[in-house]
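Listed below are the residues making up each chain.
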Amino acid sequence: MCGIAGVIKLNTDDGSLEAKIEKMQTALKHRGPDDAGIYISTDKQAALAHTRLSILDLSAAGHQPMSTTDNRYHITFNGEIYNFQELRENLISQGEKFHSQTDTEVILKLYQRIGSDCVQHLRGMFAFAIWDDLEKTCFLARDPLGIKPLYYYQLGTTLVFASELRAVLASGLPAINMSVEGLYGYLTTGSVPEPYTLIADIHCLSAGNWLYWHNGNTTKKQYWQINFTPEAISPPEAQEIVRKALLDSIQHHFISDVPVGIFLSGGIDSTTILALATQTQQSQLSTYSIAFAESEFNEGELAEKIANHFGAKHTEYQVTSSFAKSILPDFLAAIDQPSIDGFNTFCVSKVAHDNGMKVVLSGLGGDEIFGGYKSFQKVPQMVAWSKNLNRLPFLRTGLSLGLERWGNSLKMQRFGEFLKQPPSFASAYNTFRGIFSHQEACLIINQLSISIPILPPLVPPYQGGGLGWGSTPEDEVSFLELSGYMRNQLLRDSDIMSMNWGLELRVPFVDKTLLETVAPIPSNIRLAQGKKLLTQAITEIPDWVINRPKKGFSFPFESWMNSEFGDYFHNVHQKLNIPPNIPLKPWYRRWSLAILNHWWEQINS
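Anyway, here's the lowdown on the structure attached to this text. What you see is a predicted model, and the numbers here were worked out from it, not measured in a lab.

### What about the environment of Gly 398?
Link 1 in the chain: One can find Gly 398 in helix α13 (residues 393-406).
Link 2 in the chain: Given a relative accessible area of 43%, Gly 398 falls into the partly exposed group.

Here it is in structure tokens:
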């Protein structure tokens, strides 16, 4: 896992290309503490940078940017390709010679042979750029499910890209202006929806897309999308499919030349990974978790019990309010873009890092694929209610206005706003996951002196695909969870917060091959409430894990914000001049605004 950056330009060199790429590389140093490299083409049209966290082939042969022997192609790559050994053997059978044991060289040779189609063969998480010094083209690609980030900015014929937003800004080329679309998305969902960022004109390359630069022009293409077309699969067949697919994914995700640990939360998903890993791995496994003094948030005892049950070596760290306060400045400095999450990953990643780990597996993604959220029941209900009210337009109008203005909770007020819109899964999902309402977000944006008309609610672009013939409302929710909350918040926070500690976080549930294998299972089986299919397929999960009430992994933020974190979170209304009619009582509203304010001050300092 690494950091990548690049500047591609048409115009003649003004002498600053080297300085720009060095600044970008410095901004990514935390992502790759083991090695660093820069490539600059002889004509000064292209500059690539890399910072390396050595996971495969720890020797100097893995140095990047990496070039082909004829010096035509040059790659800077961030990620892991889990099927690289099979691809390598296939390429060798076709006459290719390799000079390293890296997955980087496999991508480079594959691109050399088949161009952009190389992405169809890669299993893993990736963001990479390949410069062709003969044709003077640059190819950028991001993995199908958006595990690894890739940001880019185009100014005329110049293209700038990097693993983090801060590295794009370090080039000195983009102006630091807030993006209205990005800010609106952040205020309404708690994270910035791709392809937007919080900086105007800097974009996130969407998951499953590639971008091609030639002669100053760029083209983009979506090369993969989710498809939930059900097939005739019985429950016993579904269990066998899920078990086999998960075993395969976990086995592939352990490919490494350094030890691999597991984040253990006490939930079904991380327990699944540990249970199956004990079957695929010979050596004793290491697990890591965090605990709290506050009993209502503490799952430390359960995580330890699970680790002991499977014979793992367990490490737990108790996060106290005083420790949280001491580490908060480091967390704030690590933020690349604000979100209402990330602190938990930051803390547990520190624990793994402090214990010598470079790679960990996480259970992230299980809820989205196997129906673990309340959204799978609530969102279809909301759409059905809204459609039924279409028959009674006067009642619909009165109810929506009444709830929006006088609803006894913020959720009911947002539901009133939802009823004013045409019934759709996207608007229902955004209401369910919402932070601030459309009206509130527009008011806040206006207070921040960013002009915005009061428009119909903006929603993240619906990319289509996802829903094949015979798909269901629950499939639609699964698609929205995978492409919304998981991609924009969970995966992005996991990447930034783990890489801050030089730690590679892998997600076996978020695997293209796994998803393509289980997607044809009918939703009434795959998304049965309580992740029933997963628990039936993985029989090793103890009943005392399955039968405990589900609760999301959370921190005692509210009490901390009212005490230890006070300096950062007091007087948010005054600091941002938020209108007094926008309530900030829920901790996540205060958190989102305080984090945004701190980030903006940091960006502009």
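Next comes the rest of the description.
### Topic: helix α9 (residues 321-334)
Link 1 in the chain: Given a rise of 1.5 Å per residue, 14 residues ought to cover 20 Å, and the 19 Å separating the end C-alpha atoms of α9 matches this to within 8%.
Link 2 in the chain: Its maximal kink placed at Ile 327, α9 deviates by approximately 40°, while the proline Pro 329 follows within four residues.
Link 3 in the chain: When α9 is considered as a whole, its buried residues turn out to be Phe 323, Ala 324, Ile 327, Leu 328, Phe 331, Leu 332 and Ala 334.

### A word on the sheet that holds strand β4 (residues 66-67)
Link 1 in the chain: Read across the sheet, 6 strands follow the order β4-β5-β6-β7-β11-β12 without closing on themselves; strand pairing throughout is antiparallel. Lying at the two open borders of the sheet, with one neighbouring strand each, are β4 and β12 (217-222).
Link 2 in the chain: Sheet analysis places β4 next to strand β5 (residues 73-81), joined by 2 bridges and oriented antiparallel. Within the sheet, the bridge partner assigned to Ser 67 lies in β5 and is His 74.
Link 3 in the chain: Here helix α3 (residues 103-114) sits on the sheet in contact with β4, β5, β6 (124-132), β7 (137-142) and β11 (209-214), set at roughly 125° to β5.

### A closer look at the packing of aromatic side chains
Link 1 in the chain: Taken as a whole, this structure holds 16 aromatic pairs when the rule is applied.
Link 2 in the chain: Ring geometry for Trp 131 against Trp 213: centres 6.2 Å apart, planes inclined by 45°, an arrangement best described as tilted. With a gap of 82 residues between them, Trp 131 in strand β6 and Trp 213 in strand β11 connect regions that are remote in the sequence.
Link 3 in the chain: The class for Trp 131 is buried, based on a relative accessible area of 0%.
Link 4 in the chain: Judged by its relative accessible area of 0%, Trp 213 is buried.
Link 5 in the chain: Considering the side-chain rings of Phe 331 and Phe 346, the 5.6 Å spacing of their centres and the 70° angle between planes classify their relative orientation as edge-to-face.

### What to know about the packing of helix α5 (residues 180-189) against helix α16 (residues 438-447)
Link 1 in the chain: One way to put it is that α5 packs onto α16 with a least axis distance of 9 Å and a crossing angle of 130°. With respect to α16, the element α5 is oriented oblique. Crossing angle aside, the handedness with which α5 passes α16 is right-handed. In contact with Val 180, Leu 183, Tyr 184, Leu 187 and Thr 188 of α5, α16 contributes His 438, Ala 441, Cys 442, Ile 444 and Ile 445.
Link 2 in the chain: In terms of residue class, the contact of α5 with α16 is built from 8 nonpolar, 2 polar and no charged.

### Structural notes on the sheet that holds strand β13 (residues 260-263)
Link 1 in the chain: Judged by pairing direction, the sheet is parallel, and its 5 strands sit side by side in the order β15-β14-β13-β16-β17 without closing on themselves. Since the sheet does not close on itself, it has two edges, and those belong to β15 (313-319) and β17 (504-506), each with one partner. Averaged over all pairs of adjacent strands, the angle between strand axes in this sheet comes to 30°, irrespective of strand direction.
Link 2 in the chain: Two strands pair when backbone bridges link them, and β13 and strand β14 (residues 286-292) are joined in this way by 2 bridges, in the parallel orientation. Looking at the pairing, Phe 263 lines up with Tyr 288 of β14.
Link 3 in the chain: Relative to β14, helix α10 (residues 343-354) is tilted by about 130°, and along the sheet it contacts β13, β14, β15, β16 (359-361) and β17.

### Here we look at the state of the cysteines
Link 1 in the chain: In the structure shown here, the tally under the stated rule is 0 disulfides.
Link 2 in the chain: Cys 2 forms no disulfide, and the closest cysteine sulfur to it belongs to Cys 138, at a distance of 17 Å.

What counts, and at which threshold
Residues numbered from 1 in each chain as written. Predicted model: local features only at pLDDT ≥ 70, side-chain atom pairs only at ≥ 80, totals over all residues. Heavy atoms only, no water. Helix = DSSP H or I, 4+ residues; strand = E, 2+ residues; numbered from the N terminus. Buried < 20%, exposed > 50% of the residue type's maximum accessible area, 1.4 Å probe, protein only. Expected span 1.5 Å × (residues − 1). Bend = angle between axes of the 7 residues up to and from the residue. Pairing = 2+ DSSP bridges. Contact = heavy atoms within 4.5 Å. Axes fitted to C-alpha atoms, helices over the stretch in contact; angles between N-to-C directions. Phe/Tyr/Trp six-rings, centres within 6.5 Å; stacked < 30°, edge-to-face > 60°. Parallel < 35°, antiparallel > 145°, perpendicular 65-115°, else oblique. Left-handed = near helix turned anticlockwise from the far one by under 90°. Nonpolar A, V, L, I, M, F, W, Y, C, P; charged D, E, K, R; others polar. Disulfide = S-S within 2.5 Å.

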